[in-house]
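# Structural overview
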Amino acid sequence: MNFDVFISHATEDKDDFVRELVEKLQERRIEVWYDEHSLNIGDSLRQAIDLGLSKSRFGIVILSKNFFSKQWTNWELDGLVQRQLNSTNNLIIPIWHKIEKEDILSYSPSLADKVAIKSVIGIDRVIEKIDKIINPKGSTLIVAREYLISKGFIPPILTDDWWLDVLEYPGTTVFENDYLKFDIPWSGFEPSDRGVYIGKNALQMLWRYNAQYSDISQLSSPSDVLNFINSQPGLKDFCIEQPLNTALYFPQLTIIGTGDFMENIFEALHSQGCRDSRHTCIEEIALRDGEFGKYDAKTIASFYFTGEGGGVGRSTSLYEHIDYLIWLLSDSSIWLPSLIHKVLLKGAGEWAVWPWSWISYEGYTDKHYTGNFLEYLYELRDNPELKLNDNAWQDLLNRIQVAKEILKLHETKEELAKRFMRKRIINSWLNSKFNRKR
């Protein structure tokens, strides 16, 4: 089903009633199938009803003298009533327009007994009565839909399969990470509470899909992130309400001067200091601090790219560790302030988790060289004079090529490999391994 209601009416009633009715329904975000069901002489009412209901949740029939003048037989009108009687739900909503019960009795006694809405009560009251039938108060999904609309997102009608995805979403995810997974606490079993809970999860599902397909991540520039937040219904409110999660998902906004609407909030968090006397601020705000909160470079890099606890806590990692390192070597990361870039590059290299033995991305299953570079590193640890062999070099080039394609980097793989060697990333890994061993 694609619509909330369809409207069957005589063409002659369009100007003085039906057109305004449709406009008022649409103002209430009720999806209407309308022009396809202007009925003309010779049309079959039963066929129109069947076709309309196959596409809509309800059918509105404008009964008038013009409607009756279409020369439909009594059995066709009775067929309309039988369609309703054979259903446990109120599918048909009749509206009497400029007629009385006596007028309908002349054509269909059974139809005259059907409770109807009279247009004489005024268009606003007609709309209210229709809305109560279509959107009964107390319905959990109705509350959810109204919540989404209040946030600026117009969801499909309630019978659309999209709502099945929403209902299956809370507590599960198709993602392998917690990126943009804000906290949505359960608030109760009342329809009003459940509806808002479902609505918030629907928004979060929407943000996460849109972030994935818009390539929004920790690698995006602050301006791109802000544009994304402002384009997503309800996301800005969540960012303000949960600033620590915002810093987790959008760490680039914690850099001084990049936070926009979050700037004062992040600054207030920074001014609170840290309960841990070893550090000058909490980890989430370390990029604002002149001393980076006195955290080491590995901690800064691991939080920035993978989330809490270097991936031990909530993981926000969207890519493999080597991809972050290659990104830092490319000009795509040039928007980072130079000191922060230097610390992130140093930390990513020293963290020593970037060597790869496989590639997890779909479509990159060629393992001809995968693992050769890691094998070289372990041999190098025991033999510091060992030269880089061809297989290890090709493995590095191949992996850089994957990063180039995944992250849309502009440099050649050869250029990025040269930068990799110039920055002595291998030495950072060796030093970290030896330090850990000691």
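Overview of the structure. Here the structure is a predicted model, which is why all the values come from computation and not from measurement.

On a plain count of helices and strands, the protein chain comes out with 21 helices and six strands. Burial analysis of the protein chain (438 residues in total) assigns 50% to the buried set.

The tally for this structure, following the rule as stated, stands at 19 salt bridges. K118 is the salt-bridge partner of E100, the closest N and O atoms lying 3.7 Å from each other. A residue pair is termed long-range when its members are at least 10 positions apart, and E100 in the loop between β5 (92-96) and α5 (101-105) and K118 in strand β6 (residues 117-118) qualify at 18 residues. Owing to a relative accessible area of 35%, K118 belongs among the partly exposed residues under this scheme. Between R419 and D331 there is a salt bridge, with the nearest N and O atoms lying 3.2 Å from each other. Taken as a pair, R419 in helix α20 (residues 413-422) and D331 in the loop between α16 (321-329) and α17 (338-350) lie far apart in primary sequence, 88 residues in all. A relative accessible area of 46% places D331 in the partly exposed class.

Turning our attention to the packing of aromatic side chains. Geometry of an aromatic ring pair is reported as the spacing of the ring centres plus the angle between the planes. Considering all chains together, one arrives at 22 aromatic pairs under this definition. With a centroid separation of 5.8 Å and 45° between ring planes, the pair formed by F153 and W162 is classed as tilted. Here Y179 and F250 contribute two aromatic rings whose centre-to-centre distance is 6.2 Å and whose plane-to-plane angle is 85°, an arrangement assigned as edge-to-face. With Y179 in the loop between α9 (162-168) and α10 (191-213) and F250 in the loop between α13 (243-249) and α14 (263-271), this residue pair connects regions lying 71 residues apart in the sequence. Note on accessibility: Y179 and F250 belong to one class, buried. In this structure an aromatic cluster arises from ring pairing among Y179, F182, W207, F238, Y249 and F250.

Among the nonpolar cores identified, the biggest contains 50 residues, and F305, I326, L344, W354, F373 and F420 are the most heavily contacted of them. Put simply, the parts of the chain that give this core at least two residues each are α15 (297-306), α16, α17, α18 (372-382), α19 (390-407), α20 and α21 (425-437). If sequence neighbours within four positions are ignored, F305 has contacts with Q218, L219, T316, S317, Y324, W327, L328 and L344.

The buried count for β5 comes to five of five residues, which makes it a mostly enclosed element. Because side chains alternate across β5, one face comprises the buried residues I92, P94 and W96, and the other comprises I93 and I95, equally buried. In the sheet, β5 pairs with β6 via two bridges, with the strands oriented parallel. Bridge pairing in β6 places W96 opposite K118.

This paragraph deals with the packing of α18 against α19. Remark: α18 packs on α19, axes separated minimally by 7 Å, with the N-to-C direction vectors making an angle of 125°. As far as their axial angle goes, α19 and α18 are oblique. Considering the relative orientation of α18 and α19, their crossing is left-handed. Of the residues in α19, those in contact with N372, F373 and Y376 of α18 are N391, A392, D395 and L396. Grouping the amino acids of the contact of α18 with α19 by side-chain chemistry returns four nonpolar, two polar and one charged.

A few words on helix α1 (residues 14-27). All of the buried residues along α1 are K14, F17, V18, L21, V22 and L25. Looking down the long axis of α1, one finds its buried residues gathered within 130° of arc, a one-sided arrangement. Opposite the packed face of α1, turned more than 90 degrees from it, sit the exposed residues D15 and E27.

Below, the discussion takes up the side chain of E411. If you trace the backbone, E411 turns up in the loop between α19 and α20. When its relative accessible area of 9% is taken as the criterion, E411 is described as buried. Here D331 takes part through its backbone nitrogen, which lies 2.6 Å from a polar atom of the side chain of E411. There is a polar contact of 3.5 Å between the side chain of E411 and the side chain of R419. Residues in contact with E411, not counting those within four places in the same chain, are S330, D331, K404, L416 and R419.

What follows concerns the environment of V61. Tracing the chain through its elements places V61 in strand β4 (residues 56-63). Judged by relative accessible area, V61 falls into the buried class, the value being 0%. For the pair V61 and I93, spaced 32 residues apart in sequence, the C-alpha to C-alpha distance is 6.3 Å.

Moving on: the packing of α15 against α17. It is the contact of α15 with α17, at a shortest axis distance of 7 Å, that shows an interaxial angle of 95°. It follows that α15 is roughly perpendicular to α17 by the angle criterion. Listed contacts from α17 to A297, K298, I300, A301, Y304 and F305 of α15 are V343, L344, K346, G347, A348 and E350. Considering only residue class, the contact of α15 with α17 consists of eight nonpolar, one polar and three charged.

Conventions adopted
Residues numbered from 1 in each chain as written. Predicted model: local features only at pLDDT ≥ 70, side-chain atom pairs only at ≥ 80, totals over all residues. Heavy atoms only, no water. Helix = DSSP H or I, 4+ residues; strand = E, 2+ residues; numbered from the N terminus. Buried < 20%, exposed > 50% of the residue type's maximum accessible area, 1.4 Å probe, protein only. Salt bridge = Lys/Arg side-chain N within 4 Å of Asp/Glu carboxyl O. Phe/Tyr/Trp six-rings, centres within 6.5 Å; stacked < 30°, edge-to-face > 60°. Core = buried A, V, L, I, M, F, W, Y, C linked by side-chain atoms within 4.5 Å. Contact = heavy atoms within 4.5 Å. Pairing = 2+ DSSP bridges. Axes fitted to C-alpha atoms, helices over the stretch in contact; angles between N-to-C directions. Parallel < 35°, antiparallel > 145°, perpendicular 65-115°, else oblique. Left-handed = near helix turned anticlockwise from the far one by under 90°. Nonpolar A, V, L, I, M, F, W, Y, C, P; charged D, E, K, R; others polar. Arc of directions from axis to C-beta. Polar contact = N/O pair within 3.5 Å; in protein donor to acceptor, adjacent residues only side chain to side chain.

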